[in-house]
Amino acid sequence: MQFHQTTLPNGLRVIAELNDRARSIATGFFVKAGSRDESLDVSGVSHFLEHMVFKGTPRRGALDVNRDFDRVGAKHNAQTSEEDTLYHVTCLPEYLPKAFDVLSDILRPSLREDDFDTEKKVIIEEIRMYLDSPMSVAYEAVKELHFGGHALGQSILGTVESITDLPVDKMRAYFEKYYSPANIVLAFAGNSDWNDIVRLAEERCGHWSGPPAGRQTAVPRGTGAFKAILRPDDNQQTLIGMFDGPPLESDDRYAAHLLSTILGDHTGSRLYWNLVDPGHADSAEMGYQDYNNAGVFYTFVSCTPEEAQANLGRVDETYKQVMAEGVTEAELTQAKNKVLARNVIRSERPMGRLMSLGFQWTYRHEYMSIESEIEHYSKVTVADIRSVLERYPLTPQTIVSVGPTTDLHQP
(Lines give C-alpha, C1' and ligand atoms only; values in the text may rest on other atoms or scores of the structure.)
Protein backbone atom coordinates (compact mmCIF):
# COMPACT_ATOMS: atom_id res chain seq x y z
CA MET A 1 0.00 0.00 0.00
CA GLN A 2 1.19 3.48 -0.85
CA PHE A 3 -0.54 6.67 0.28
CA HIS A 4 -0.35 9.90 -1.69
CA GLN A 5 -1.92 13.30 -1.24
CA THR A 6 -1.89 16.71 -2.88
CA THR A 7 -4.03 19.83 -3.09
CA LEU A 8 -4.82 21.41 -6.42
CA PRO A 9 -4.44 25.20 -6.77
CA ASN A 10 -8.23 25.58 -6.56
CA GLY A 11 -8.31 23.88 -3.13
CA LEU A 12 -9.50 20.40 -4.17
CA ARG A 13 -7.81 17.84 -1.92
CA VAL A 14 -6.78 14.65 -3.71
CA ILE A 15 -5.75 11.49 -1.84
CA ALA A 16 -5.04 7.92 -2.90
CA GLU A 17 -4.20 4.60 -1.29
CA LEU A 18 -2.75 2.54 -4.13
CA ASN A 19 -2.31 -1.22 -4.23
CA ASP A 20 -0.84 -2.78 -7.36
CA ARG A 21 -2.23 -6.19 -6.31
CA ALA A 22 -5.83 -4.94 -6.40
CA ARG A 23 -7.97 -5.85 -9.41
CA SER A 24 -10.14 -2.72 -9.39
CA ILE A 25 -10.07 0.98 -8.54
CA ALA A 26 -12.65 2.99 -6.59
CA THR A 27 -12.90 6.77 -6.55
CA GLY A 28 -15.28 9.20 -4.91
CA PHE A 29 -15.99 12.87 -4.29
CA PHE A 30 -16.65 13.52 -0.59
CA VAL A 31 -18.64 16.75 -0.45
CA LYS A 32 -18.86 18.28 3.03
CA ALA A 33 -22.54 19.11 2.75
CA GLY A 34 -25.48 17.41 4.40
CA SER A 35 -28.70 18.09 6.27
CA ARG A 36 -26.88 19.80 9.17
CA ASP A 37 -25.74 22.50 6.72
CA GLU A 38 -29.27 23.36 5.64
CA SER A 39 -31.50 26.15 6.88
CA LEU A 40 -35.08 25.07 7.54
CA ASP A 41 -36.38 26.75 4.39
CA VAL A 42 -34.21 24.43 2.25
CA SER A 43 -34.57 21.28 4.39
CA GLY A 44 -33.79 18.25 2.23
CA VAL A 45 -31.89 20.16 -0.46
CA SER A 46 -28.65 18.14 -0.01
CA HIS A 47 -30.41 14.85 -0.75
CA PHE A 48 -32.50 16.42 -3.54
CA LEU A 49 -29.30 17.78 -5.09
CA GLU A 50 -27.75 14.29 -4.96
CA HIS A 51 -30.59 13.15 -7.24
CA MET A 52 -30.25 16.15 -9.54
CA VAL A 53 -26.54 15.55 -10.13
CA PHE A 54 -27.47 12.45 -12.15
CA LYS A 55 -30.03 14.30 -14.29
CA GLY A 56 -27.48 15.67 -16.73
CA THR A 57 -24.68 18.12 -17.45
CA PRO A 58 -23.83 20.47 -20.31
CA ARG A 59 -22.03 17.49 -21.88
CA ARG A 60 -24.42 14.63 -21.05
CA GLY A 61 -28.09 13.96 -20.58
CA ALA A 62 -29.35 11.67 -17.81
CA LEU A 63 -29.47 8.69 -20.18
CA ASP A 64 -25.89 9.38 -21.31
CA VAL A 65 -24.65 9.39 -17.72
CA ASN A 66 -25.99 5.91 -17.09
CA ARG A 67 -24.97 4.55 -20.48
CA ASP A 68 -21.41 5.88 -20.19
CA PHE A 69 -20.97 4.21 -16.81
CA ASP A 70 -22.49 0.98 -18.16
CA ARG A 71 -20.24 0.93 -21.24
CA VAL A 72 -17.19 0.35 -19.06
CA GLY A 73 -18.92 -1.91 -16.54
CA ALA A 74 -18.59 0.66 -13.76
CA LYS A 75 -20.56 0.41 -10.52
CA HIS A 76 -21.65 3.86 -9.40
CA ASN A 77 -23.83 5.35 -6.68
CA ALA A 78 -24.26 8.23 -4.27
CA GLN A 79 -25.46 8.82 -0.72
CA THR A 80 -26.37 11.73 1.52
CA SER A 81 -26.03 11.88 5.30
CA GLU A 82 -26.35 14.52 7.98
CA GLU A 83 -22.86 15.79 7.13
CA ASP A 84 -21.76 14.63 3.68
CA THR A 85 -22.78 13.75 0.17
CA LEU A 86 -20.64 11.08 -1.49
CA TYR A 87 -20.48 10.28 -5.20
CA HIS A 88 -18.47 7.20 -6.09
CA VAL A 89 -17.63 4.73 -8.83
CA THR A 90 -15.72 1.43 -8.96
CA CYS A 91 -14.30 0.03 -12.19
CA LEU A 92 -11.45 -1.93 -13.73
CA PRO A 93 -8.18 0.07 -13.70
CA GLU A 94 -8.01 0.37 -17.49
CA TYR A 95 -11.40 2.11 -17.53
CA LEU A 96 -10.67 4.67 -14.82
CA PRO A 97 -10.19 7.60 -17.26
CA LYS A 98 -13.60 7.01 -18.86
CA ALA A 99 -15.41 6.32 -15.57
CA PHE A 100 -13.81 9.33 -13.89
CA ASP A 101 -14.74 11.53 -16.85
CA VAL A 102 -18.41 10.75 -16.13
CA LEU A 103 -18.11 11.06 -12.36
CA SER A 104 -16.32 14.41 -12.48
CA ASP A 105 -18.71 15.67 -15.15
CA ILE A 106 -21.82 15.10 -13.04
CA LEU A 107 -20.25 17.07 -10.17
CA ARG A 108 -20.96 20.10 -12.37
CA PRO A 109 -24.63 19.44 -13.22
CA SER A 110 -26.95 21.59 -15.33
CA LEU A 111 -29.68 21.78 -12.66
CA ARG A 112 -32.32 22.43 -15.30
CA GLU A 113 -35.69 23.61 -14.02
CA ASP A 114 -37.72 21.00 -15.92
CA ASP A 115 -35.57 18.20 -14.43
CA PHE A 116 -35.93 19.85 -11.02
CA ASP A 117 -39.74 19.89 -11.25
CA THR A 118 -39.85 16.25 -12.35
CA GLU A 119 -37.42 15.00 -9.69
CA LYS A 120 -39.27 16.92 -6.99
CA LYS A 121 -42.15 14.47 -7.43
CA VAL A 122 -39.74 11.54 -7.00
CA ILE A 123 -38.35 13.02 -3.76
CA ILE A 124 -41.83 13.60 -2.34
CA GLU A 125 -42.79 9.99 -3.08
CA GLU A 126 -39.60 8.83 -1.37
CA ILE A 127 -40.50 10.86 1.72
CA ARG A 128 -43.99 9.35 1.75
CA MET A 129 -42.50 5.86 1.42
CA TYR A 130 -40.38 6.44 4.51
CA LEU A 131 -43.43 7.76 6.38
CA ASP A 132 -44.91 4.29 5.88
CA SER A 133 -41.98 2.75 7.78
CA PRO A 134 -42.28 2.73 11.60
CA MET A 135 -38.48 2.54 11.98
CA SER A 136 -37.96 5.57 9.72
CA VAL A 137 -40.63 7.56 11.55
CA ALA A 138 -39.07 6.70 14.91
CA TYR A 139 -35.55 7.49 13.72
CA GLU A 140 -36.46 10.93 12.39
CA ALA A 141 -38.49 11.71 15.52
CA VAL A 142 -35.77 10.66 17.98
CA LYS A 143 -33.14 12.75 16.18
CA GLU A 144 -35.36 15.81 16.30
CA LEU A 145 -36.24 15.20 19.96
CA HIS A 146 -32.68 14.43 21.08
CA PHE A 147 -30.91 17.30 19.33
CA GLY A 148 -33.61 19.85 20.01
CA GLY A 149 -33.04 22.82 17.73
CA HIS A 150 -29.58 21.69 16.58
CA ALA A 151 -29.21 21.11 12.84
CA LEU A 152 -28.18 17.46 13.37
CA GLY A 153 -31.80 16.81 14.31
CA GLN A 154 -33.07 17.79 10.86
CA SER A 155 -34.34 15.19 8.41
CA ILE A 156 -31.99 14.22 5.57
CA LEU A 157 -34.95 13.89 3.20
CA GLY A 158 -36.69 17.06 4.34
CA THR A 159 -40.47 17.18 4.51
CA VAL A 160 -43.19 17.11 1.88
CA GLU A 161 -43.75 20.79 2.62
CA SER A 162 -40.09 21.87 2.45
CA ILE A 163 -39.49 20.02 -0.84
CA THR A 164 -42.77 21.26 -2.35
CA ASP A 165 -41.87 24.87 -1.54
CA LEU A 166 -38.21 24.64 -2.61
CA PRO A 167 -37.43 26.75 -5.73
CA VAL A 168 -34.66 25.75 -8.14
CA ASP A 169 -32.83 29.04 -7.52
CA LYS A 170 -32.23 28.10 -3.87
CA MET A 171 -30.81 24.73 -4.92
CA ARG A 172 -28.47 26.46 -7.37
CA ALA A 173 -27.29 28.84 -4.65
CA TYR A 174 -26.73 25.92 -2.26
CA PHE A 175 -24.72 24.13 -4.93
CA GLU A 176 -22.53 27.18 -5.58
CA LYS A 177 -21.75 27.49 -1.87
CA TYR A 178 -21.12 23.89 -0.88
CA TYR A 179 -19.82 22.24 -4.07
CA SER A 180 -16.75 24.44 -4.29
CA PRO A 181 -13.50 22.46 -4.75
CA ALA A 182 -12.22 23.66 -1.37
CA ASN A 183 -15.19 21.87 0.25
CA ILE A 184 -14.50 18.52 -1.45
CA VAL A 185 -12.09 15.62 -0.96
CA LEU A 186 -11.40 13.43 -3.99
CA ALA A 187 -10.25 9.96 -2.92
CA PHE A 188 -8.97 6.89 -4.77
CA ALA A 189 -8.37 3.35 -3.53
CA GLY A 190 -7.09 0.39 -5.51
CA ASN A 191 -4.89 -0.23 -8.52
CA SER A 192 -3.75 2.86 -10.38
CA ASP A 193 -0.81 5.22 -10.90
CA TRP A 194 -0.50 8.36 -8.78
CA ASN A 195 0.76 10.55 -11.63
CA ASP A 196 -2.16 9.45 -13.78
CA ILE A 197 -4.58 10.24 -10.96
CA VAL A 198 -3.22 13.75 -10.47
CA ARG A 199 -3.38 14.36 -14.19
CA LEU A 200 -7.02 13.22 -14.30
CA ALA A 201 -7.91 15.43 -11.34
CA GLU A 202 -6.21 18.46 -12.90
CA GLU A 203 -7.77 17.92 -16.32
CA ARG A 204 -11.32 17.27 -15.11
CA CYS A 205 -11.51 19.34 -11.92
CA GLY A 206 -8.74 21.97 -12.10
CA HIS A 207 -11.08 24.60 -13.57
CA TRP A 208 -13.59 24.37 -10.70
CA SER A 209 -13.71 27.41 -8.45
CA GLY A 210 -15.15 28.63 -5.16
CA PRO A 211 -14.10 29.27 -1.54
CA PRO A 212 -14.52 26.91 1.47
CA ALA A 213 -18.09 26.85 2.73
CA GLY A 214 -17.51 26.55 6.49
CA ARG A 215 -19.84 24.95 9.01
CA GLN A 216 -21.33 25.80 12.40
CA THR A 217 -20.15 23.11 14.84
CA ALA A 218 -21.71 24.06 18.16
CA VAL A 219 -21.68 20.99 20.43
CA PRO A 220 -25.21 19.56 20.84
CA ARG A 221 -26.39 17.93 24.04
CA GLY A 222 -29.19 15.38 24.25
CA THR A 223 -32.49 16.27 25.88
CA GLY A 224 -33.33 12.91 27.50
CA ALA A 225 -36.98 13.47 26.56
CA PHE A 226 -39.67 10.88 25.81
CA LYS A 227 -42.28 10.80 23.03
CA ALA A 228 -44.88 8.21 22.00
CA ILE A 229 -46.30 8.32 18.46
CA LEU A 230 -49.54 6.44 17.82
CA ARG A 231 -49.74 4.20 14.73
CA PRO A 232 -52.79 2.02 15.46
CA ASP A 233 -52.40 -0.15 12.38
CA ASP A 234 -48.84 -1.29 13.25
CA ASN A 235 -48.47 -4.82 14.59
CA GLN A 236 -45.29 -4.14 16.53
CA GLN A 237 -43.91 -1.43 18.76
CA THR A 238 -40.74 0.28 17.55
CA LEU A 239 -38.51 1.84 20.21
CA ILE A 240 -35.45 3.99 19.54
CA GLY A 241 -33.30 5.54 22.25
CA MET A 242 -30.45 7.99 21.85
CA PHE A 243 -27.76 9.37 24.16
CA ASP A 244 -24.56 11.36 23.71
CA GLY A 245 -21.26 9.77 22.66
CA PRO A 246 -17.73 10.81 21.66
CA PRO A 247 -17.31 13.00 18.54
CA LEU A 248 -15.31 11.83 15.52
CA GLU A 249 -12.46 14.14 16.52
CA SER A 250 -11.92 12.08 19.70
CA ASP A 251 -9.87 8.90 19.96
CA ASP A 252 -12.57 7.69 22.37
CA ARG A 253 -14.53 6.67 19.28
CA TYR A 254 -12.66 3.35 19.18
CA ALA A 255 -13.73 2.44 22.70
CA ALA A 256 -17.25 3.70 21.94
CA HIS A 257 -17.52 1.43 18.92
CA LEU A 258 -16.37 -1.57 20.93
CA LEU A 259 -18.77 -0.69 23.76
CA SER A 260 -21.71 -0.61 21.35
CA THR A 261 -20.63 -4.00 19.99
CA ILE A 262 -20.50 -5.49 23.49
CA LEU A 263 -23.88 -4.10 24.43
CA GLY A 264 -25.85 -4.20 21.21
CA ASP A 265 -24.34 -6.26 18.38
CA HIS A 266 -27.01 -8.21 16.47
CA THR A 267 -25.64 -11.47 17.92
CA GLY A 268 -23.86 -12.35 21.14
CA SER A 269 -24.33 -8.99 22.85
CA ARG A 270 -25.88 -8.15 26.21
CA LEU A 271 -29.08 -6.82 24.59
CA TYR A 272 -29.29 -9.94 22.46
CA TRP A 273 -29.06 -12.26 25.47
CA ASN A 274 -31.32 -10.10 27.66
CA LEU A 275 -34.09 -9.36 25.13
CA VAL A 276 -33.88 -11.39 21.91
CA ASP A 277 -32.76 -14.84 23.09
CA PRO A 278 -35.48 -15.06 25.82
CA GLY A 279 -38.11 -14.00 23.26
CA HIS A 280 -38.93 -10.59 24.72
CA ALA A 281 -38.11 -8.81 21.43
CA ASP A 282 -37.48 -9.89 17.85
CA SER A 283 -34.59 -7.41 17.59
CA ALA A 284 -32.59 -5.34 20.06
CA GLU A 285 -29.42 -3.57 18.99
CA MET A 286 -27.18 -0.67 19.91
CA GLY A 287 -25.06 1.38 17.52
CA TYR A 288 -22.60 4.25 17.69
CA GLN A 289 -22.41 7.15 15.25
CA ASP A 290 -19.70 9.79 15.35
CA TYR A 291 -20.31 13.23 13.88
CA ASN A 292 -18.29 16.38 13.37
CA ASN A 293 -17.98 17.70 16.95
CA ALA A 294 -20.74 15.36 18.16
CA GLY A 295 -21.54 11.71 18.71
CA VAL A 296 -24.47 9.48 19.69
CA PHE A 297 -25.32 5.95 20.72
CA TYR A 298 -28.56 4.49 19.38
CA THR A 299 -30.76 1.75 20.84
CA PHE A 300 -33.18 -0.06 18.51
CA VAL A 301 -35.87 -2.43 19.81
CA SER A 302 -38.75 -4.07 17.95
CA CYS A 303 -41.29 -6.07 19.94
CA THR A 304 -44.98 -6.65 20.67
CA PRO A 305 -46.84 -3.71 22.25
CA GLU A 306 -47.39 -5.82 25.37
CA GLU A 307 -43.65 -6.23 25.92
CA ALA A 308 -42.66 -2.62 25.10
CA GLN A 309 -42.64 -1.12 28.61
CA ALA A 310 -40.91 -4.13 30.12
CA ASN A 311 -38.30 -4.01 27.37
CA LEU A 312 -37.59 -0.37 28.07
CA GLY A 313 -36.89 -1.47 31.62
CA ARG A 314 -34.69 -4.35 30.49
CA VAL A 315 -32.61 -2.01 28.31
CA ASP A 316 -32.31 0.44 31.20
CA GLU A 317 -31.20 -2.33 33.57
CA THR A 318 -28.64 -3.56 31.03
CA TYR A 319 -27.12 -0.11 30.71
CA LYS A 320 -27.16 0.62 34.43
CA GLN A 321 -25.39 -2.68 35.11
CA VAL A 322 -22.58 -1.93 32.67
CA MET A 323 -22.17 1.57 34.09
CA ALA A 324 -21.87 0.11 37.59
CA GLU A 325 -19.69 -2.91 36.80
CA GLY A 326 -18.00 -2.15 33.47
CA VAL A 327 -17.25 -4.81 30.86
CA THR A 328 -15.17 -7.97 31.14
CA GLU A 329 -11.93 -8.80 29.38
CA ALA A 330 -13.70 -11.65 27.61
CA GLU A 331 -16.39 -9.32 26.28
CA LEU A 332 -13.81 -6.82 25.08
CA THR A 333 -11.78 -9.52 23.32
CA GLN A 334 -14.86 -10.82 21.55
CA ALA A 335 -15.86 -7.30 20.45
CA LYS A 336 -12.37 -6.62 19.10
CA ASN A 337 -12.46 -9.86 17.12
CA LYS A 338 -15.80 -8.89 15.59
CA VAL A 339 -14.86 -5.32 14.74
CA LEU A 340 -11.40 -6.13 13.41
CA ALA A 341 -12.68 -9.01 11.29
CA ARG A 342 -15.36 -6.82 9.74
CA ASN A 343 -12.95 -3.97 9.08
CA VAL A 344 -10.31 -6.24 7.54
CA ILE A 345 -12.83 -8.04 5.34
CA ARG A 346 -14.26 -4.70 4.18
CA SER A 347 -10.76 -3.38 3.48
CA GLU A 348 -10.12 -6.15 0.96
CA ARG A 349 -12.34 -4.26 -1.48
CA PRO A 350 -11.17 -0.87 -2.80
CA MET A 351 -14.64 0.54 -2.18
CA GLY A 352 -14.39 -0.53 1.45
CA ARG A 353 -11.15 1.40 1.85
CA LEU A 354 -12.44 4.41 -0.06
CA MET A 355 -15.08 5.18 2.56
CA SER A 356 -12.59 5.17 5.43
CA LEU A 357 -9.98 7.15 3.51
CA GLY A 358 -12.32 9.91 2.41
CA PHE A 359 -14.04 10.54 5.71
CA GLN A 360 -10.80 10.42 7.71
CA TRP A 361 -9.18 12.99 5.44
CA THR A 362 -12.27 15.22 5.33
CA TYR A 363 -12.56 15.59 9.09
CA ARG A 364 -9.22 14.64 10.61
CA HIS A 365 -6.84 15.37 7.73
CA GLU A 366 -5.31 12.04 8.62
CA TYR A 367 -4.36 8.91 6.71
CA MET A 368 -5.50 5.81 8.55
CA SER A 369 -4.16 2.56 7.11
CA ILE A 370 -5.92 -0.69 7.92
CA GLU A 371 -2.90 -1.61 10.05
CA SER A 372 -3.33 1.60 12.02
CA GLU A 373 -7.05 0.92 12.49
CA ILE A 374 -6.24 -2.53 13.84
CA GLU A 375 -3.69 -1.03 16.23
CA HIS A 376 -6.12 1.59 17.58
CA TYR A 377 -8.84 -0.97 18.29
CA SER A 378 -6.36 -3.49 19.68
CA LYS A 379 -5.04 -0.98 22.23
CA VAL A 380 -8.45 -0.28 23.80
CA THR A 381 -8.59 -1.51 27.40
CA VAL A 382 -11.34 -2.20 29.89
CA ALA A 383 -10.29 1.03 31.61
CA ASP A 384 -10.85 2.94 28.34
CA ILE A 385 -14.38 1.55 28.16
CA ARG A 386 -14.92 2.63 31.77
CA SER A 387 -13.70 6.13 30.91
CA VAL A 388 -16.22 6.42 28.05
CA LEU A 389 -19.02 5.26 30.34
CA GLU A 390 -18.09 7.90 32.90
CA ARG A 391 -18.01 10.72 30.36
CA TYR A 392 -21.06 9.58 28.39
CA PRO A 393 -23.67 8.01 30.71
CA LEU A 394 -26.02 5.59 28.98
CA THR A 395 -29.07 6.78 30.90
CA PRO A 396 -31.35 8.60 30.69
CA GLN A 397 -31.95 8.13 26.98
CA THR A 398 -33.98 10.28 24.66
CA ILE A 399 -36.67 7.78 23.63
CA VAL A 400 -39.28 7.66 20.89
CA SER A 401 -41.90 4.92 20.72
CA VAL A 402 -43.90 4.27 17.55
CA GLY A 403 -46.76 1.79 17.36
CA PRO A 404 -50.27 0.82 18.44
CA THR A 405 -49.85 1.88 22.08
CA THR A 406 -48.88 5.16 23.71
CA ASP A 407 -49.26 3.82 27.24
CA LEU A 408 -45.51 3.96 27.81
CA HIS A 409 -43.11 6.08 29.84
CA GLN A 410 -39.43 6.53 30.63
CA PRO A 411 -38.13 3.54 32.63
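Because the structure is predicted, anything quoted here is derived from the model rather than measured.

Parameters at a glance
Residues numbered from 1 in each chain as written. Predicted model: local features only at pLDDT ≥ 70, side-chain atom pairs only at ≥ 80, totals over all residues. Heavy atoms only, no water. Axes fitted to C-alpha atoms, helices over the stretch in contact; angles between N-to-C directions. Helix = DSSP H or I, 4+ residues; strand = E, 2+ residues; numbered from the N terminus. Parallel < 35°, antiparallel > 145°, perpendicular 65-115°, else oblique. Contact = heavy atoms within 4.5 Å. Nonpolar A, V, L, I, M, F, W, Y, C, P; charged D, E, K, R; others polar. Pairing = 2+ DSSP bridges. Salt bridge = Lys/Arg side-chain N within 4 Å of Asp/Glu carboxyl O. Buried < 20%, exposed > 50% of the residue type's maximum accessible area, 1.4 Å probe, protein only. Disulfide = S-S within 2.5 Å. Core = buried A, V, L, I, M, F, W, Y, C linked by side-chain atoms within 4.5 Å. Arc of directions from axis to C-beta.

Draft legend 1. Local environment of the packing of helix 9 (residues 252-264) against helix 12 (residues 329-347). Axis separation between helix 9 and helix 12 bottoms out at 9 Å; the angle between their running directions is 105 degrees. In this view, helix 9 runs roughly perpendicular relative to helix 12, as classed from their interaxial angle. Side by side, helix 9 and helix 12 meet where His257, Leu258, Thr261 and Ile262 of the first sit next to Glu331, Leu332, Ala335, Lys336, Lys338 and Val339 of the second. When its residues are assigned to classes, the contact of helix 9 with helix 12 shows five nonpolar, two polar and three charged.

Draft legend 2. Spatial organisation of the sheet that holds strand 11 (residues 398-403). Pairing in this open sheet of five strands is mixed, and the strands run 7-11-8-10-9 from one edge to the other. The open sheet has two free edges, formed respectively by strand 7 (226-230) and strand 9 (283-291), since each of these has just one partner strand. This sheet shows a mean twist of 15 degrees between the axes of neighbouring strands, independent of strand direction. Of the pairings in the sheet, the one linking strand 8 (residues 237-244) to strand 11 comprises five bridges and is antiparallel in character. Of the residues in strand 11, the one forming a bridge with Gly241 is Ile399. Its contacts with the sheet put helix 9 on strand 9 and strand 10 (294-303), and the angle it makes with strand 9 is roughly 170 degrees. Along the sheet, helix 11 (residues 308-325) contacts strand 7, strand 8, strand 9, strand 10 and strand 11; its crossing angle with strand 10, the most-contacted strand, is approximately 140 degrees.

Draft legend 3. Looking closely at the pattern of salt bridges. Summed over all chains, the structure comprises 29 salt bridges. With its nearest N and O atoms 2.9 Å apart, the salt bridge here joins Glu17 to Arg353. One end of the pair, Glu17, is in strand 2 (residues 13-18); the other, Arg353, is in helix 13 (residues 350-364), and 336 residues separate them in sequence. The pair formed by Glu17 and Arg353 is uniform in burial state, with each residue classed as buried. For the salt bridge of Arg71 with Asp68, the shortest nitrogen-to-oxygen distance reads 2.4 Å. A residue pair is termed a helical-turn pair when its members lie 3 or 4 positions apart in one helix, as Arg71 and Asp68 do in helix 2 (residues 62-71) at three residues.

Draft legend 4. Layout of the packing of helix 1 (residues 45-53) against helix 7 (residues 168-178). Axis separation between helix 1 and helix 7 bottoms out at 11 Å; the angle between their running directions is 90 degrees. Between helix 1 and helix 7, the angle falls in the class roughly perpendicular. When helix 1 is examined against helix 7, the residues Val45, Ser46, Phe48, Leu49 and Met52 are found in contact with a partner set consisting of Met171, Tyr174 and Phe175. The class makeup of the residues in the contact of helix 1 with helix 7 is seven nonpolar, one polar and no charged.

Draft legend 5. Structural context of the state of the cysteines. All chains considered together, the criterion is met by zero disulfides. Cys205 carries a free sulfur, and the closest cysteine sulfur to it, the one in Cys91, is 15 Å from it. By relative accessible area, which is 0% here, Cys205 ends up buried.

Draft legend 6. View of the nonpolar core. Among the nonpolar cores identified, the biggest contains 57 residues, and Val14, Phe29, Tyr87 and Phe188 are the most heavily contacted of them. Phe243, Ala256, Phe297 and Ile399 belong to the second largest nonpolar core, which has 38 residues in total.

Draft legend 7. Just unusual backbone geometry, in detail. Between Thr395 and the following residue, Pro396, the backbone shows a cis peptide bond with an omega angle of -5 degrees. Summarising the element assignment, Pro396 is placed in the loop between helix 15 (382-391) and strand 11. The phi dihedral of Leu111 falls on the positive side, at around 55 degrees, and the residue is not glycine. Mapped onto the fold, Leu111 is located in the loop between helix 3 (96-106) and helix 4 (113-131). Although it is not a glycine, His365 adopts a positive phi angle of roughly 45 degrees. Counting through the fold element by element, His365 comes out in the loop between helix 13 and helix 14 (370-378). Among the residues examined, His365 registers a relative accessible area of 49% and is labelled partly exposed.

Draft legend 8. The arrangement of helix 2 in detail. Where helix 2 is concerned, the buried positions are Val65, Asp68 and Phe69. One side of helix 2 holds all its buried residues, which, seen down the axis, span an arc of 100 degrees. Facing away from the buried side of helix 2, by more than 90 degrees, are the exposed residues Leu63, Asp70 and Arg71. Of the surrounding secondary structure, the elements contacted by the buried residues of helix 2 are strand 4 (75-80), strand 5 (85-91) and helix 3. After helix 2 finishes, the residue Gly73 shows a positive phi value of roughly 65 degrees.

Draft legend 9. Seen up close, the side chain of Lys338. Along the polypeptide, Lys338 turns up in helix 12. Apart from residues no more than four positions distant in its own chain, Lys338 is found in contact with Thr261, Asp265, Thr267 and Gly268.

Draft legend 10. Up close: the sheet that holds strand 2. With mixed pairing, the six strands of this open sheet are ordered in space as 1-2-6-3-5-4. Strands with a single pairing partner mark the edges of an open sheet, and in this sheet they are strand 1 (2-7) and strand 4. The mean angle between the axes of side-by-side strands here comes to 10 degrees, regardless of whether they run parallel or antiparallel. Where helix 8 (residues 194-205) meets the sheet, it contacts strand 1, strand 2, strand 3 (25-31) and strand 6 (184-190), and its direction lies at approximately 150 degrees from that of strand 2.

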